[in-house]
Amino acid sequence: NKASDFVWGKASGVAPTANVVNSPSGHIMSNAVLYIKPGDGFTAESLASATVAVEIRNVKTNAYVNLASGVVTATGTASKVVPFNEGTRYRAVVVPQTVAEGSDLITVTVNGTAYTLKKGFTFVSGKQHTFTVTVNKTGSGINIGVGDWDNDGTDNGGDAE
């Protein structure tokens, strides 16, 4: 959620002054935006009327922030993040970190049935990663596309059952 965001900035080599000192700042956490799309066995209408829950899994939710450098280090045990439902999308602030390849990265539960994307992924500090998740009842599951706050242009498509 927005309360988990951390904006960091630094101005160096500035002597004390009565004038305004500009301190450029930016996001140092990662932002995940997820869109859920109907795939095999779903229609837009059936998915829209379903009970849907989304989780980003196997991520650490605690962090140490070095205030001198702005570097974020994920700490603690991996858990899950439940993104905030913003109507047409889900959004979550995630601590920058790498999730190991083959991990359950995203789980979309539709009417009690879980569909999981097994994938490694690196959440990058200051980046918005966009995931378009296509949920399939039959076949091979979930497809993901990735973007970022400073669009990295990478598509990490994949299927899950």
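Procedures and definitions
- Residues numbered from 1 in each chain as written.
- Predicted model: local features only at pLDDT ≥ 70, side-chain atom pairs only at ≥ 80, totals over all residues.
- Heavy atoms only, no water.
- Phe/Tyr/Trp six-rings, centres within 6.5 Å; stacked < 30°, edge-to-face > 60°.
- Buried < 20%, exposed > 50% of the residue type's maximum accessible area, 1.4 Å probe, protein only.
- Lys NZ or Arg CZ within 6 Å of the ring centre and 35° of its normal.
- pLDDT = per-residue confidence, 0-100.
- Helix = DSSP H or I, 4+ residues; strand = E, 2+ residues; numbered from the N terminus.
- Pairing = 2+ DSSP bridges.
- Axes fitted to C-alpha atoms, helices over the stretch in contact; angles between N-to-C directions.

In this section: the packing of aromatic side chains. In total, this model carries 4 aromatic pairs according to the counting rule given. Ring centres 4.9 Å apart and planes at 70 degrees place the aromatic pair F121 and F123 in the edge-to-face group. You can call F123 buried: its relative accessible area is 2%. Judged by centre distance (6.2 Å) and plane angle (45 degrees), the ring pair of F123 and F131 falls under tilted. Every member of this aromatic cluster is reached through a ring pair, and the members are F121, F123 and F131. Across the ring face of F42, the terminal group of K137 is positioned such that the distance to the ring centre comes to 5.1 Å.

Overall, the predicted model of the protein chain reaches an average pLDDT of 81, with 72% of residues at or above 70. Mean pLDDT values for the elements of the protein chain range from 55 in strand 1 (residues 7-9) up to 96 in strand 8 (residues 97-99).

Before going further, it helps to spend a moment on the sheet that holds strand 10 (residues 113-118). Taken together, 4 strands build an open sheet; the order of strands is 5-4-9-10 and the sheet is antiparallel. Among the strands making up the open sheet, the edge pair consists of strand 5 (72-81) and strand 10. Each neighbouring strand pair of the sheet contributes to a mean axis angle of 25 degrees, computed without reference to strand direction. Here strand 4 (residues 52-65) pairs with strand 9 (residues 104-110) via 5 bridges, running antiparallel. By the bridge assignment for strand 9, I56 is matched with I106.

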